[in-house]
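Residue-level structural notes
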Amino acid sequence: MSELKQDSRNAQPAADQFSGPDDHGHFGRYGGIFVGETLIAAVEELDQVYSQLSKDPAFWAEFDKDLKYYVGRPSPLYFAERLTAHYGGAKILLKREDLNHTGAHKINNTIGQALLAKFMGKPRIIAETGAGQHGVASATIAARLGLECYVYMGAEDIKRQSANVYRMKLLGAHVVSVESGSRTLKDAMNEALRDWATNVDNTFYIIGTAAGPHPYPKLVRDFQAVIGREARAQSLEQYGRLPDALVACVGGGSNAIGLFHPFLRDTEVAMYGVEAGGDGVETGRHAAPLSDGRPGVLHGNRTYLMSDAGGQIMETHSVSAGLDYPGVGPEHSYLKDIGRVNYVAATDKEALNSFRELTRMEGIIPALESSHAVAYAGKLAATMSPDQFIIVNLSGRGDKDIHTVAEIDGIQI
Amino acid sequence: MSRISKTIASLQEQGKKALIPYIVAGDPSVPLTVALMHALVAKGADIIELGMPFSDPSSDGAVIQLGAERALRAGTTLSDVFAVVKEFRTQDTRTPIVLMGYLNPIEYMGYEAFATEVEKAGVDGLLIVDLPAYECDELFAAVRPKGIDTIFLVAPTTSDARLESICKNCTGYLYYVSLKGVTGAAISDSKAIEDKIGLLRDITPLPIVVGFGIKDTESALKMAAISDGVIVGSALVERISHLAADQAYSQEALGTTVGLIGEIREAINTL
């Protein structure tokens, strides 16, 4: 297939099933704005500012400049030859988001949102974090811009991710331990929303994933879409065609939507979002709302959730703090329902296994989050032919996880 | 005229302010909630806001979060909330009850089933904190035909354009949020609240009551003086947190627990 054909397809008018969200933030029946009245004005203001700035080429030029000189983009598309030989079948290419400054895709989004905060004149930023990657990315950008930064993190995650907690403190951020509820990412998000309602005049809330009230799912996606745009161009340049499949892990889903979105209209590209299967989806102990949840409303948007029969949000289980979230970005819910993306799960065990395989066979230590994507890609590759290829989003590096893995191995470091 | 509108109209005729306590259904237990509601009425409550406990109450401060956690730990479900109201109604058919909470448990029950239960239990109004006016049509289409009032919050940050859409959808009373923040924080600027309520009076004939941050007779007096009534939540839930779920309490003991409501009643009756 020719590059020309792809380009002409992309040039068609935007009003199709992938042109969402609408003016009130809906992707089909998902998304929207479901927050307390105090925050409505803040999200409406953000929507206005973003609508205006996102039409301004100067804004994107500044964004691109920061991505190039501060983050180190473009990130390479790397052929994992030994891993491919190990799994057998399709070629596995890794989109190396782990090589970004701060070690994950999260920085793409914080760069974009910090530009918005700067434009809006907000001197204080807040963020929620699970594994700590978004917290580190937010603390980093706050240090660079001289902004005050508060990061909300579940007490449970603070224990699991002590290295990232210390990194944030070194960067000058205040890390606030969240003791309510299940003391993980969802509770950190509740606490950040409370802070925002209290300090709405001077505070910008940098949401780390493609969820939350409109316009967050849209703007996080737009900032992360650099991953997919690069991957698409690199694929054409390095292999002369588009990939046969894309694989990315999905917690809130920002790295996945960033990779997928620029390919949505390329109908021949199959897509797989890999959720955290925990002990196994059939055990109920997991963090896979798209695989085993139903739609509801949490944290400002309607989306698939893990709730009990009475609509109370359930505790989730995953070896990876960054995927330990009971909801998912609303655009993923929509893409699931229309069947454009396949949502699957990888268990803790499968992810840990891939963590070791990638480390030993390619010399790349992946984040436990990204290891879920690698695990599924291995299974998928084995069902495909050697002349096909898969792009796996290696969303982050695994330095932060070595304590978790060591503990599982019974090793003290 | 709804039971809520009748209650407030009759208070206004007598030149009195509405006193609206908030407690969490099931905190610390379902039977104690019913007993507490009767105790509140005995102390002079005009309307009761009954919290539907939710695991992720992101608009509430620590005190009400903990109240919801206690209720959920005791196993309280939305069906139990309706059971509380039904039980209360066997002895009190006069005091209006407003259910306050978050959307997700209602989504899971289903709007039609929820509307049916609301009507059957004898609920008078709904206040869904995370359901703004532009998302409310579907739920309201289910509850409006049952004569249920739909109450909205107005915050200091609410724009004039939004005020209009809120007033269009709001019935019963308008709940003015006294501060930027979550439930249980402290009021800092009562002059600004007075000005905003003045603006609201030009837009809507709805009664306006003030909540968030009313914790004693002093703050209640200040807010009641410039509005049609006050809502007292966190201060009450904090006192209820000292009750044990498995213990029996006399009506007198529960009266002491909610004594604050009696003090506020007396204070605002002097206005």
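Going by the structure above, here's the rest.
Before going into details, it helps to say that this report is about the structure given with it. Treat the numbers as computed from the prediction; the structure is a model and nothing was measured. (Residues numbered from 1 in each chain as written. Chains lettered and ligands numbered in written order. Predicted model: local features only at pLDDT ≥ 70, side-chain atom pairs only at ≥ 80, totals over all residues. Heavy atoms only, no water.)

**Some words on the interface of chain A and chain B**
Our working rule: Residues count as neighbours in contact if any of their non-hydrogen atoms are within 4.5 Å of one another. As used here, buried area is the combined drop in accessible area, with a 1.4 Å probe, of two parts when they are placed together. Take a side-chain nitrogen of Lys or Arg and a carboxyl oxygen of Asp or Glu: if they are within 4 Å of each other, that pair is a salt bridge. Pairs of N or O atoms are called polar contacts if they sit within 3.5 Å, as long as, within protein, a hydrogen donor faces a hydrogen acceptor (for residues adjacent in sequence, only side-chain-to-side-chain pairs).
On the chain B side, the residues contacting the 39 residues of chain A number 35 residues. Around 3000 Å² of area is buried between chain A and chain B when both sides are counted, 46% of it from carbon and sulfur atoms. Area buried by chain A at its contact with chain B is led by E37, R194 and Q312 of chain A, which between them contribute 23% of it. Along the contact surface separating chain A from chain B lie 5 salt bridges. With its nearest N and O atoms 2.8 Å apart, the salt bridge here joins R162 of chain B to E37 of chain A. Where chain A packs against chain B, one counts 23 residue pairs in polar contact (both at pLDDT 80 or more).

**Description of the pairing of strand β15 (residues 389-394) of chain A**
Residue and element names in this part refer to chain A. Our working definition: Any residue under 20% of the maximum accessible area for its type is buried, any over 50% is exposed, and the rest in between are partly exposed; the area is computed with a 1.4 Å probe on protein chains only. A helix here means a DSSP run of H or I that spans at least four residues, while a strand means a run of E at least two residues long, and both kinds are numbered starting from the N terminus. Pairing between strands is defined by DSSP: at least two bridges between them are needed.
Within β15, 6 of the 6 residues are buried, which leaves the element mostly enclosed by the surrounding structure. Judged by which residues are buried, β15 turns out to be covered on both faces: F389, I391 and N393 on one side and I390, V392 and L394 on the other are all buried. Of the pairings in the sheet, the one linking strand β4 (residues 91-96) to β15 comprises 6 bridges and is parallel in character. Among the inter-strand pairings, I92 is bridged to a residue of β15, identified as I390. In this structure, strand β9 (residues 245-249) lies alongside β15, joined through 3 bridges in parallel fashion. Residue V247 lies in a different strand from β15, and its bridge partner there is V392.

**Quick look at unusual backbone geometry**
All names here are of chain A. Residues G20 and P21 are joined by a peptide bond in cis, for which omega reads 5 degrees. Along the chain, P21 turns up in the loop between α1 (3-10) and β1 (26-27). H214 connects to P215 through a cis peptide bond whose omega is 10 degrees. Along the polypeptide, P215 turns up in the loop between β8 (203-206) and α10 (216-224). One non-glycine residue, H299, adopts positive backbone phi at about 50 degrees. Within the secondary structure layout, H299 lies in the loop between β12 (294-298) and β13 (300-305). Judged by relative accessible area, which is 5%, H299 ranks as buried.

**Notes on the pattern of salt bridges**
All names here are of chain A. With the rule as written, the count across this model stands at 38 salt bridges over all chains. A salt bridge links K159 to E156; the shortest N-O distance between them is 3.6 Å. Placement of the pair is K159 and E156 together in helix α7 (residues 155-160), with a separation of 3 residues, close to one helical turn.

**What to know about the pairing of strand β8 (residues 208-211) of chain B**
Every regular strand shows the same layout, with side chains that alternate between the two sheet faces. All names here are of chain B. The cut-off we apply is this: Place the viewer so that the strands point away; then a crossover is right-handed whenever the path from the first strand over the helix to the second strand goes clockwise.
Covered by surrounding structure in β8 are I208 and V210 together with V209 and G211, the residues of both alternating faces. Pairing analysis gives 4 bridges linking strand β7 (residues 174-177) to β8, with the strands arranged parallel. Its bridge partner being in β8, L174 is matched across the sheet by I208. Handedness of the β7-helix α9 (residues 190-203)-β8 crossover: right-handed. Summarising the sheet, β8 and strand β9 (residues 229-232) pair through 2 bridges and their orientation is parallel. Bridge pairing in β9 links V209 to G229. In this fold, β8 hands off to helix α10 (residues 217-225), which returns the chain to β9; that crossover is right-handed.

**Here's the deal with the packing of helix α5 (residues 106-120) of chain A against α10 of chain A**
Residue and element names in this part refer to chain A. Our working rule: Axes, fitted as lines to C-alpha atoms, cover a helix only where it is in contact. Angles between the N-to-C directions of the axes lie from 0 to 180 degrees. Roughly parallel refers to an angle under 35 degrees, roughly antiparallel to one over 145, roughly perpendicular to one between 65 and 115, and oblique to any angle outside these ranges. Less than a right angle of anticlockwise turn of the near helix away from the far helix marks a crossing as left-handed, whereas a clockwise turn marks it as right-handed. All residues other than Ala, Val, Leu, Ile, Met, Phe, Trp, Tyr, Cys, Pro, Asp, Glu, Lys and Arg, Gly among them, are scored as polar; the first ten of these are nonpolar and the last four charged.
Running from amino to carboxyl end, α5 crosses α10 at an angle of 120 degrees, the nearest separation of the two axes being 8 Å. One way to sum up the angle between α5 and α10 is to call them oblique. As α5 runs across α10, the sense of the crossing is right-handed. When α5 is examined against α10, the residues K106, N108, N109, G112, Q113 and L116 are found in contact with a partner set consisting of Y216, L219, V220, F223 and Q224. Tallied by class, the residues present in the contact of α5 with α10 amount to 5 nonpolar, 5 polar and 1 charged.

**Focus on the packing of α10 of chain B against helix α13 (residues 259-269) of chain B**
How two helices sit against one another is set out by the angle between their axes and by the gap between those axes. Residue and element names in this part refer to chain B. Contact geometry for α10 and α13: axes closest at 9 Å, N-to-C directions at 40 degrees. Viewed along their axes, α10 and α13 adopt a mutual orientation that is oblique. Crossing of α10 over α13 shows right-handed handedness. Side by side, α10 and α13 meet where T217, A220, L221 and A224 of the first sit next to E263, I264, A267 and I268 of the second. In the contact of α10 with α13, the residues fall into 6 nonpolar, 1 polar and 1 charged.

**Notes on the side chain of N169 of chain B**
Mapping N169 of chain B onto the fold places it in helix α8 (residues 160-169). If we skip the residues at most four places from it in the chain, N169 of chain B touches A133, C136, F140, R144, T150 and F152 of chain B.

**Section: helix α8 (residues 162-170) of chain A**
Residues and elements named next belong to chain A. Using the following cut-off: This arc is taken over the directions from the axis of the helix to the C-beta atoms.
Those residues of α8 that fall on the buried side of the exposure criterion are N164, V165 and M168. Buried residues in α8, looked at end-on, bunch into an arc of 105 degrees, giving them a common side. Projecting away from the buried face of α8 at angles above 90 degrees are the exposed residues Y166 and L170. Positive backbone phi, at 95 degrees, marks G172, one or two positions downstream of α8.

**Here we look at the environment of T316 of chain A**
Residues and elements named next belong to chain A. By secondary structure assignment, the location of T316 is in the loop between β13 and α14 (330-337). C-alpha of T316 to C-alpha of G273: the two residues are 43 residues apart in sequence and 18 Å apart in space. In contact with T316, other than residues within four places in its own chain, are H286, A287, M306, D324, Y325 and P326. Looking at T316, its side chain comes within polar contact range of the side chain of D324, at 2.6 Å.

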